[in-house]
Amino acid sequence: MTLVAGIDSSTQSCKVVVRDAGTGELVRTGRAAHPDGTEIDPIHWWTALEEAVSAAGGLDDVDAVSVGGQQHGMVCLDEDGEVVRDALLWNDTRSASAARDLVEERSEHGEVQAGARFWADAVGVVPVASFTVSKLRWLAQEEPDHAARTASVCLPHDWLTWQLGGRERLVTDRSDASGTGYWSTLTGAYRTDLLEQAFGRVPALPEVLAPAASAGRTPGGALLGPGAGDNAAAALGLGAGPGDVVISIGTSGVVSAIASAPTTDATGTVAGFADATGRYLPLACTLNATRVLDVTAAMLGVDHEGLSKLALGVDPGADGLVLVPYLEGERTPNRPDATGALHGIRLQNTTAAHLARATVEGLLCGLADGLDALRANGVDVQRVLLVGGGARSEAIRRIAPSVLGVPVIVPAPGEYVADGAARQAAWVLRGAEEPPTWAAAGGETYEAAPVPAVRERYAEVRELTARQH
């Protein structure tokens, strides 16, 4: 049996799967936690990876390995390859004003030099706080000494691939490069002019590899894949195709689809990312997902199963109670300074069950806004594949189709980012034109009649709260 390994280095943890390269059969797994926070010393990622690899029985018998990782983070390295400062993660919003400046910068004559349409057409995305280009502008402005020491810039999965390869070759892939704000999905090349505009100069950047190109070898001799951003890796692991929209409910909420052409959305709601196969991955992301469930469950003194039971005990609409769950600001819509709001409180809806229902519906309405944005950009939506930690919630599964308005498929629980990385590793090992065909995971289909009133009431409150910021 030929074995491959896939690694998922996410915001919260590192997961490793070892699979049969031919069939995709799961052989063994391992996991280790990451520290909490929006900035972190990358050495913690490496320590967690080593722990997870050890828990998975090591890589000595593995022929190829690849890394899927959280997107957009900023890892700055000095001339010796040492980390300059703690990496800023995708969910660190301190660079929000820097992002606005990049979009709205004016020349000495007063005209806008760039603008949202310019950025969308140039690189497929409009800068927001999450993207690396915004974080680099923030670094140049707020920490000029660290900026001056920065010789090269990479992303979390790039840094881990570099470490796995003995720090020989700094590489990335299309999917993760497309989330930086200075690599174009339309041309397949870096826009160093935009990087220079943001940072003041052009540090060394990772080589962008083709989807099945080798990034080198580990010291043990295993081939290294180019890796992928977590959302692209998950789509590859799920085998998503045209008409499928993947909604992942984790630390963030992600709505993404496979497309044959790049997307350019000047509103910035839909990011025109690349996928892990040579196609494209239009994507909308919310900052508030499973942590909204966590907070409400803790507030009510129940676990997640208890929260689900409470939510399912109340009719759609929660008798007028609406939660806009912008607990950490928001990215879709782009309101980094927003706060959450609970609206419509009356005597008859001040129960734990009503709050639980409003929480689930509010989370799903935020994701439905992302789904609408994909449709507005020409994405065909036939069904939703629901994955991530939030998909374990019975209330999420049963309420989702009524809010999203389409059938919802919940695949069997799995580590789909790590699975996608493993599938990529097998692809690199085979040297074929297309990734290997592995048996799709089983799942359950949920269907329910849409309840438009839930979305309509949520939209009213969402816009009411917008006027307060």
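Up top is the structure.
In this report, we go over the structure that sits alongside the text. These figures come from a predicted structure and were not determined experimentally.

**Notes on the nonpolar core**
Nonpolar side chains in soluble globular proteins generally cluster together in the buried interior.
Here's step 1: Core analysis: the biggest nonpolar cluster contains 51 residues, and Val245, Ile247 and Leu404 have the highest contact counts within it.
Here's step 2: The dominant element in this core, judged by the number of residues it contributes, is helix H12 (residues 352-376), at 12 residues.
Here's step 3: Excluding residues that lie within four positions of it along the chain, Ile247 makes contacts with Val254, Val255, Leu367, Val384, Leu385, Leu386, Val387 and Leu404.
Here's step 4: Formed by 46 residues, the second largest nonpolar core is a distinct cluster that contains Leu102, Ala198, Ala276 and Val417.

**Quick notes on the pattern of salt bridges**
Here's step 1: Under the defined criterion, the tally for this structure stands at 28 salt bridges.
Here's step 2: Between Asp419 and Arg19 there is a salt bridge; the shortest N-O distance is 2.9 Å. Of this pair, Asp419 sits in helix H14 (residues 416-430) while Arg19 sits in strand S2 (residues 13-20), and the two are 400 residues apart along the sequence.
Here's step 3: For Arg455, the salt bridge goes to Asp372, with nearest N and O atoms at 2.6 Å. One end of the pair, Arg455, is in helix H15 (residues 452-466); the other, Asp372, is in helix H12, and 83 residues separate them in sequence.

**Details of the environment of Pro411**
Here's step 1: You can see Pro411 is positioned in strand S23 (residues 408-411).
Here's step 2: Here the alpha-carbon distance between Pro411 and Arg291, two residues 120 residues apart in the chain, equals 22 Å.
Here's step 3: If we ignore the near neighbours within four places in the chain, the residues touching Pro411 are Leu238, Leu386, Val387, Tyr416, Gly442 and Gly443.

**Considerations on the sheet that holds strand S17 (residues 253-257)**
Either a parallel or an antiparallel arrangement is found when strands of a sheet pair, and the pairing is made through backbone hydrogen bonds.
Here's step 1: Pairing within the open sheet is mixed, and its 7 strands lie in the order S18-S19-S17-S16-S22-S23-S24. Edge positions in the sheet fall to strand S18 (271-274) and strand S24 (443-446), since each of these pairs with one other strand and no more. Ignoring which end each strand starts from, the neighbouring axes of this sheet average 25 degrees apart.
Here's step 2: Two elements, S17 and strand S19 (residues 280-286), share 4 bridges in a ladder whose sense is antiparallel. Bridge pairing links Val254 to Cys285 in S19.
Here's step 3: Sheet strands touched by H12: strand S16 (244-249), S17 and S19. Its angle to S17, the strand with the most contacts, is close to 25 degrees.
Here's step 4: In this fold helix H13 (residues 394-404) packs onto S16, strand S22 (383-387), S23 and S24, with an angle of close to 150 degrees to the strand it touches most, S23.

**Re a nonpolar patch on the surface**
Here's step 1: Together, Val295, Met299 and Leu327 give the surface a local cluster of nonpolar side chains, amounting to about 290 Å² of exposed area.
Here's step 2: Among the residues examined, Leu327 registers a relative accessible area of 45% and is labelled partly exposed.

**A short note on unusual backbone geometry**
Here's step 1: A positive phi is found at Arg167, a non-glycine position, where the angle reads about 60 degrees.
Here's step 2: Summarising the element assignment, Arg167 is placed in the loop between helix H6 (156-164) and strand S9 (171-173).

**Considering the pairing of S17**
Here's step 1: Within S17, 5 of the 5 residues are buried, which leaves it mostly tucked inside the rest of the structure.
Here's step 2: Going residue by residue along S17, you find Gly253, Val255 and Ala257 tucked away on one face and Val254 and Ser256 tucked away on the opposite face as well.
Here's step 3: In this sheet, S17 lies alongside S16 in antiparallel orientation, the contact comprising 5 bridges. Across the sheet, the residue bridging to Val245 is Ala257, located in S17.

**Some words on the layout of surface pockets**
Here's step 1: By volume, the largest pocket amounts to about 1200 Å³.
Here's step 2: Of the residues assigned to the lining of the largest pocket, the class counts are 18 nonpolar, 21 polar and 11 charged.
Here's step 3: In this structure, the second largest pocket spans a volume of roughly 460 Å³.
Here's step 4: Looking at the second largest pocket, it is lined by 26 residues, and the ones nearest its centre are Gly237, Leu238, Ala439, Ala440 and Ala441.

**Considerations on the side chain of Arg28**
Here's step 1: For Arg28, the position within the fold is in strand S3 (residues 26-33).
Here's step 2: Looking at Arg28, its side chain comes within polar contact range of the side chain of Asp61, at 2.7 Å.
Here's step 3: With residues up to four places along the chain from it excluded, the contact list for Arg28 reads Leu3, Val16, Val17, Val18, Ala56, Gly57, Gly58, Asp61 and Val62.

Conventions we followed
- Throughout, residues of each chain are indexed from 1 in the direction in which the sequence is written.
- With pLDDT at 70 or above as the cut-off, local features in this predicted model cover only qualifying residues; side-chain atom pairs require 80 or more to be listed or tallied, and sums for whole chains, interfaces and linings still use all residues.
- Remark: hydrogens and water are excluded; side-chain values derive from all non-hydrogen atoms of the structure.
- Residues grouped as a nonpolar core are buried Ala, Val, Leu, Ile, Met, Phe, Trp, Tyr and Cys residues, joined through side-chain atoms within 4.5 Å.
- Only protein chains enter the area calculation, which uses a 1.4 Å probe; residues under 20% of their type maximum are buried, those over 50% are exposed, and those in between are partly exposed.
- Secondary structure counts use DSSP, requiring at least four H or I residues in a row for a helix and at least two E residues in a row for a strand, with both numbered from the N terminus.
- Here, two residues are considered to be in contact whenever any of their heavy atoms come within 4.5 Å of each other.
- What counts as a salt bridge is simple: a side-chain nitrogen of Lys or Arg found within 4 Å of a carboxyl oxygen of Asp or Glu.
- Strand pairing requires that DSSP identify at least two bridges connecting the strands.
- Axes, fitted as lines to C-alpha atoms, cover a helix only where it is in contact. Angles between the N-to-C directions of the axes lie from 0 to 180 degrees.
- Only residues whose relative accessible area exceeds 30% and that form no salt bridge enter a patch; like-charged residues are grouped when within 9 Å of one another, and nonpolar side chains (Val, Leu, Ile, Met, Phe, Trp, Tyr) when within 5 Å.
- Note on areas: Shrake-Rupley, 1.4 Å probe, and residue coverage restricted to the protein chains presented here.
- Any residue with an atom within 4 Å of a point lines the site, the site being either a cavity, points on a 1 Å grid over the protein atoms alone where a 1.4 Å probe fits but cannot get out, or a pocket, an open set with protein on both sides within 12 Å along at least 5 of 7 lines.
- Grid points are joined across faces, edges and corners, and a volume is the space filled by probe spheres set on the points.
- Residues are grouped as follows: Ala, Val, Leu, Ile, Met, Phe, Trp, Tyr, Cys and Pro are nonpolar; Asp, Glu, Lys and Arg are charged; all remaining types, including Gly, are polar.
- Any N or O atom pair separated by 3.5 Å or less is treated as a polar contact, with the protein-specific requirement of one donor-capable and one acceptor-capable atom, and with residues adjacent in sequence counted only for side-chain atom pairs.

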